[in-house]
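# Notes for the structure review
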Amino acid sequence: MPAHRLPRNSTAHRVAAIALYRALLLSTHTFAPDVFSPPQRTQLQNIIRNRFKQARHEQSPRYLRLCFEAGYEALDRLDAAGAIVAGEAEGEEEERGSAAYILALLARVPEKVKRAPPITALEPSLLKDLKLHLRTRHNPTAAAETEKPSLFDRPLPLAQLKGGKRKVPVLFNAQGVPVLRLSKPQPAALSGYLNHRAEVKQKRHDTRHRLTEELEGARWEDGWDGIIERETGIRQANKEESGRGREGQWTREILSARDEVGRKLSEDAERRRVMGERMQGVVDRERGMAETEGREEAERAFWEVSTGDA
């Protein structure tokens, strides 16, 4: 393997490591119950998982070679120990020696290595989808029952509102991003999203300014290419063979990259504009509903007072 290439980026290395990992785990399922008890089998599986997880970021070819050699030797030992048939624990001498060797190693392994490795946390979106799948696996109607109404489905009936009182949301501009505030305090996730969008927007503006500054250097490169083409004709030959002009190629690439950044900024601005209009529609509908409910409440109070006086 080339020294400049990381082992984990090599397909051959990954295939070999995963194949060895699976073979080691599968070999623990062939143990006779009177040779290895179920807790011992579980401990062996946890040791395999922990050792592979510990070495997953290793980059030293020498250390990885030692790990593979140890893994293949362990696989031979496990296969030999798994060849002992239940009720015939005596077995062959090699098989008995492998089983005794594994049990001796198992007794010397630290307890923390025998425990199951911690489960890697999933991304919030994947975890949400997994929970929804498990919840609706045996109850298909649970998704419709637990699904929260969309923000743009407002206004909601007064009976579905928390506290039974309607509050008109406030629409404000946060560094160019429209935000509809339903209540206080502002969620931490929303603050993180606004900071992220501001950083992305600033990076794109910085990239566009940098590309504008690089245009002058690109024009010099195009001028030099023109001189070489006139003096040698090499560029002209390549131009005729490829069927596309090379004059102004450096400038064209810079302009193309700057146009791409500008296009992304324009698309983002258009999305924010559309989202702002949709949010303003929510505010208008909520305000109209609040005014209607206020008039109805005033009329109801008036008639209650009038009926009481009568």
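Residues numbered from 1 in each chain as written. Predicted model: local features only at pLDDT ≥ 70, side-chain atom pairs only at ≥ 80, totals over all residues. Heavy atoms only, no water.

Another point: the confidence of the model for the protein. For the protein, the average pLDDT comes to 81, and 84% of its residues sit at 70 or higher. Taking the mean pLDDT of every element in the protein, the minimum, 48, falls on helix 9 (residues 234-242) and the maximum, 91, on helix 1 (residues 11-27). Every residue in residues 236-247 is under pLDDT 50, and counting partners more than four places away or in other chains gives nine contacts. (pLDDT = per-residue confidence, 0-100. Helix = DSSP H or I, 4+ residues; strand = E, 2+ residues; numbered from the N terminus. Contact = heavy atoms within 4.5 Å.)

By the element assignment, Arg197 lies in helix 8 (residues 188-232). On the basis of relative accessibility, which here comes to 18%, the residue Arg197 falls in the buried class. A polar contact is formed between the side chain of Arg197 and the side chain of Asp268, at a distance of 3.0 Å. The residues touching Arg197, leaving out its near neighbours within four places in the chain, are Val177, Arg204 and Asp268. (Buried < 20%, exposed > 50% of the residue type's maximum accessible area, 1.4 Å probe, protein only. Polar contact = N/O pair within 3.5 Å; in protein donor to acceptor, adjacent residues only side chain to side chain.)

Of note, Leu64 is situated in helix 3 (residues 61-82). In this structure Leu64 comes out as buried when scored by relative accessible area, which is 9%. Spatially, the C-alpha atoms of Leu64 and Ala17 are 9.9 Å apart, while their sequence positions differ by 47 residues. If near-sequence neighbours (up to four positions away) are discounted, Leu64 is found in contact with Pro7, His13, Glu58 and Gln59.

So, about the packing of helix 1 against helix 2 (residues 38-54). Direction vectors running N to C along helix 1 and helix 2 enclose 165°, while the axes themselves pass 10 Å from each other. In terms of axis orientation, helix 1 runs roughly antiparallel to helix 2. Considering how the two elements wind past one another, helix 1 and helix 2 form a crossing that is right-handed. Mapping the contact onto sequence places Ala17, Leu20, Tyr21, Leu24 and Leu25 in helix 1 and Gln45, Ile48, Arg49 and Phe52 in helix 2. Residues of the contact of helix 1 with helix 2, tallied by class, amount to seven nonpolar, one polar and one charged. (Axes fitted to C-alpha atoms, helices over the stretch in contact; angles between N-to-C directions. Parallel < 35°, antiparallel > 145°, perpendicular 65-115°, else oblique. Left-handed = near helix turned anticlockwise from the far one by under 90°. Nonpolar A, V, L, I, M, F, W, Y, C, P; charged D, E, K, R; others polar.)

In the contact formed by helix 1 and helix 3, the axes pass within 10 Å of each other and the chain directions differ by 30°. Considering their axes alone, helix 1 and helix 3 lie roughly parallel with respect to each other. For the element pair helix 1 and helix 3, the recorded crossing hand is left-handed. For the pair helix 1 and helix 3, the contacting residues are His13, Ala16, Ala17, Leu20, Ala23, Leu24 and Ser27 in the first and Leu64, Phe68, Gly71, Tyr72, Ala74, Leu75, Leu78 and Asp79 in the second.

On to the pattern of salt bridges, then. Throughout the structure, instances matching the rule amount to 14 salt bridges. With its nearest N and O atoms 2.8 Å apart, the salt bridge here joins Arg166 to Glu293. One end of the pair, Arg166, is in the loop between helix 7 (142-146) and strand 1 (170-174); the other, Glu293, is in helix 10 (residues 249-309), and 127 residues separate them in sequence. You'll find Arg166 and Glu293 in the same group, each marked buried. Through salt bridges with shared partners, one network takes in Arg197, Asp268, Arg271 and Arg272. (Salt bridge = Lys/Arg side-chain N within 4 Å of Asp/Glu carboxyl O.)

The next thing to look at is a nonpolar patch on the surface. Taken together, Leu127, Leu130 and Leu134 make up a surface patch of nonpolar side chains, about 240 Å² in accessible area. When you line up the elements, Leu134 lands in helix 6 (residues 124-136). (Patch = residues over 30% accessible without salt bridge, like charges linked within 9 Å, V, L, I, M, F, W, Y side chains within 5 Å. Areas by Shrake-Rupley, 256 points an atom, 1.4 Å probe, with all protein chains shown as cover.)

On to the pairing of strand 1, then. In this structure, strand 1 lies alongside strand 2 (residues 177-181), joined through five bridges in antiparallel fashion. Bridging from a neighbouring strand, Asn173 pairs with Pro178 of strand 2. Between strand 1 and the antiparallel strand that follows it, strand 2, lie two residues; Gln175 among them carries a positive phi value of about 55°. (Pairing = 2+ DSSP bridges.)

By the definition in use, this model includes one cavity of 30 Å³ or more. Estimates place the volume of the largest cavity at around 40 Å³. Together, Gln175, Val177, Arg197, Ala198, Lys201, Asp268 and Arg272 line the largest cavity. Residue contributions to the lining of the largest cavity peak at three residues, all from helix 8. Split into classes, the residues belonging to the lining of the largest cavity amount to two nonpolar, one polar and four charged. (1 Å grid on protein atoms, 1.4 Å probe; cavity = no way out; pocket = protein on both sides within 12 Å on 5 of 7 lines; lining within 4 Å. Points joined across faces, edges and corners; volume = space filled by probe spheres on them.)

Taking 1.5 Å of rise per residue, the 45 residues of helix 8 would be expected to cover 66 Å, and the 63 Å separating its terminal C-alpha atoms lies within 8% of that figure. Bending of helix 8 peaks at approximately 35° at the position of Leu215. (Expected span 1.5 Å × (residues − 1). Bend = angle between axes of the 7 residues up to and from the residue.)

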